[in-house]
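So the chains spell out like this:
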2 protein chains.
Amino acid sequence: MTQLLRVQNFNVSSDGFGAGEGKSLERPFGHADPGEMFSWCGATASWPTRTDPGGTRGLDDYLVRDYHRNIGAEIMGRGKFGPQRGPWQDLEWQGWWGDEPPFHTPVFVMTHHTRPSLTLSDTTFHFVDADPATVLEQAKEAAGGKDVRLGGGANVIRQFLDADLVDTLHVAVSPVKLGSGSRLWESPDELRDRFHVDVVPSPGGSVTHHLFWRK
Amino acid sequence: MTQLLRVQNFNVSSDGFGAGEGKSLERPFGHADPGEMFSWCGATASWPTRTDPGGTRGLDDYLVRDYHRNIGAEIMGRGKFGPQRGPWQDLEWQGWWGDEPPFHTPVFVMTHHTRPSLTLSDTTFHFVDADPATVLEQAKEAAGGKDVRLGGGANVIRQFLDADLVDTLHVAVSPVKLGSGSRLWESPDELRDRFHVDVVPSPGGSVTHHLFWRK
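Note that the coordinates shown come from a computational prediction; the quantities given were computed from them, not determined experimentally.

> How should the interface of chain B and chain A be read in this particular structure?
For interface size, the figure often reported is the accessible area lost on association. If you look at the interface, chain B gives 19 residues, while chain A gives 20 residues. Carbon and sulfur atoms supply 68% of the area that chain B and chain A bury against each other, a total of about 1,800 Å² over both sides. At the boundary of chain B and chain A, one finds two salt bridges. A salt bridge links Arg65 of chain B to Asp66 of chain A, with the shortest nitrogen-to-oxygen separation between them at 2.8 Å. Joining chain B to chain A, the criterion identifies four residue pairs in polar contact (both at pLDDT 80 or more). At the level of secondary structure, the elements contributing two or more residues to the side of chain B that touches chain A comprise helix 2 (59–65), strand 8 (168–173), strand 10 (195–201) and strand 11 (208–214) of chain B. Here the residues of the side of chain B that touches chain A are counted per class, giving eight nonpolar, six polar and five charged.

> I'm lost on helix 1 (residues 34–42) of chain B in this one. Help?
The periodicity of an α-helix, 3.6 residues per turn, causes residues three or four places apart in sequence to face the same way. Residue and element names in this part refer to chain B. Along helix 1, the positions that sit buried rather than exposed are Met37, Phe38, Trp40 and Cys41. End-on, the buried residues of helix 1 take up no more than an arc of 125 degrees, which puts them together on one face. Turning to helix 1, the residues buried within the fold contact strand 1 (5–12), strand 2 (17–19), helix 2, strand 8 and strand 11. Between the side-chain oxygen of the N-cap and the backbone nitrogen of Gly35 there are 2.8 Å, and the N-cap of helix 1 in question is Asp33.

> Explain the sheet that holds strand 7 (residues 147–150) of chain A to me, please; I cannot follow it from the model alone.
Residue and element names in this part refer to chain A. Here nine strands make up an open sheet; going across it, the order is 5-6-4-3-7-1-8-11-10 and the pairing mixed. Edge positions in the sheet fall to strand 5 (118–120) and strand 10 (195–201), since each of these pairs with one other strand and no more. This sheet shows a mean twist of 20 degrees between the axes of neighbouring strands, independent of strand direction. Bridge count between strand 8 (residues 168–173) and strand 11 (residues 208–214): six bridges; the pairing is antiparallel. Within strand 11, the position partnered with Leu169 by the bridge is Phe212. Sheet strands in contact with helix 4 (residues 132–142) are strand 1 (5–12), strand 3 (71–77), strand 4 (106–110), strand 6 (123–128) and strand 7, and its direction is about 170 degrees off that of strand 4. Lying over the sheet, helix 5 (residues 154–162) contacts strand 1, strand 3, strand 4, strand 7, strand 8 and strand 10, oriented at roughly 140 degrees with respect to strand 1.

> Would you mind going over the relation of the copies chain B and chain A with me for this structure?
Each of the two chain copies goes to the other by way of a rotation about an axis and a shift along it. Each copy of the sequence occupies a distinct position, and chain B is placed on chain A by a rotation of 180 degrees and an axial shift of 0.0 Å, giving an RMSD of 0.0 Å. Those values place the two copies in the arrangement expected of a two-fold rotation axis. Scanning chain B for the C-alpha nearest the rotation axis identifies Tyr62 of chain B, at a separation of 3.5 Å.

Thresholds, definitions, all that
- Residues numbered from 1 in each chain as written.
- Chains lettered and ligands numbered in written order.
- Predicted model: local features only at pLDDT ≥ 70, side-chain atom pairs only at ≥ 80, totals over all residues.
- Heavy atoms only, no water.
- Contact = heavy atoms within 4.5 Å.
- Buried area = accessible area lost by both parts, 1.4 Å probe.
- Salt bridge = Lys/Arg side-chain N within 4 Å of Asp/Glu carboxyl O.
- Polar contact = N/O pair within 3.5 Å; in protein donor to acceptor, adjacent residues only side chain to side chain.
- Helix = DSSP H or I, 4+ residues; strand = E, 2+ residues; numbered from the N terminus.
- Nonpolar A, V, L, I, M, F, W, Y, C, P; charged D, E, K, R; others polar.
- Buried < 20%, exposed > 50% of the residue type's maximum accessible area, 1.4 Å probe, protein only.
- Arc of directions from axis to C-beta.
- Pairing = 2+ DSSP bridges.
- Axes fitted to C-alpha atoms, helices over the stretch in contact; angles between N-to-C directions.
- Least-squares fit on C-alpha atoms with pLDDT ≥ 70 in both.

Laid out in structure tokens, this is it:
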């Protein structure tokens, strides 16, 4: 079985940004409104952090529940782990997610400022200062034969695309325009030389799903 | 976690038939051409019995790989297990699938003609003469907390729909007309009073996916 590197449920604006500018503790996505960009996921039955019962079980739910299927590790950028830049001022920050992060696997956080590994429930964060190919090798080894999820942000996905290391991507394009921020692409068509793509409007929400796989 | 009863990857013709007439050992789907009806699954990377590497990883593949996700048992009609009718003439027939059936769970075969249970690799077939609610209760118990797949054929799915026991259905409607055979419905719209539905044309194939979930 081939181990894949997969982007799952990554959201971008219609002009190609994964997050806005001015990310902070209070605004993890900067000037982007997470409600606008992610409401399609939150409406589904399989959304991991939903608190009320119910939720839809149509197409959007298929995509949301694939998030964990056969995933053995995640790779993310430091910006997904927290809003701090530069050397760590203190190590009390343990990510956005509280005591039960939604990953349940080893997570490799790419940063030039390493720190000791950190375990919260069944998620362990490793902080690695290495190029994409090296981090992918470490993550695949940690994944025990399963696939590796590339969690973002946009600039991290960009690095792995530029190194031609990504096997599949699911990107939900929302109708919102951001104007500036972390850019994934100018247009999804940029990937068509290397990837097949299915473009599927969400029947329940306002996003358009883009499902890419390597040619 | 609620245990669901799910129909997965069930194929019908545009006029609502799951199989044609005249089912036999040579023609498990009667006068229906399985190639025409099922080619959308066979093109995907996750198709369980594909022999060559490759295959698509777009929308159709999401649907195909959901077939096994969180399934702990299957319920099927006798016609899916084999073409024989009436009392078993001999017990040598062990299903269409050879030594490695693609189910990997307990399977409950509904029939008025019971026979001893039968284990092939990690699939065990139980032959039960009972009404849908009773069979579902047995299958849920055997599924160990996981969901139960309702495998068809059309008349078995019909019985469970009539008893209002089905939670979700994925039905792929192909553009082929059969004229006669085992009917699932006159039209998918019949289910709209009790189910939400997403109708999604396959971007890669010729079928239209219908994803139903209970209101």
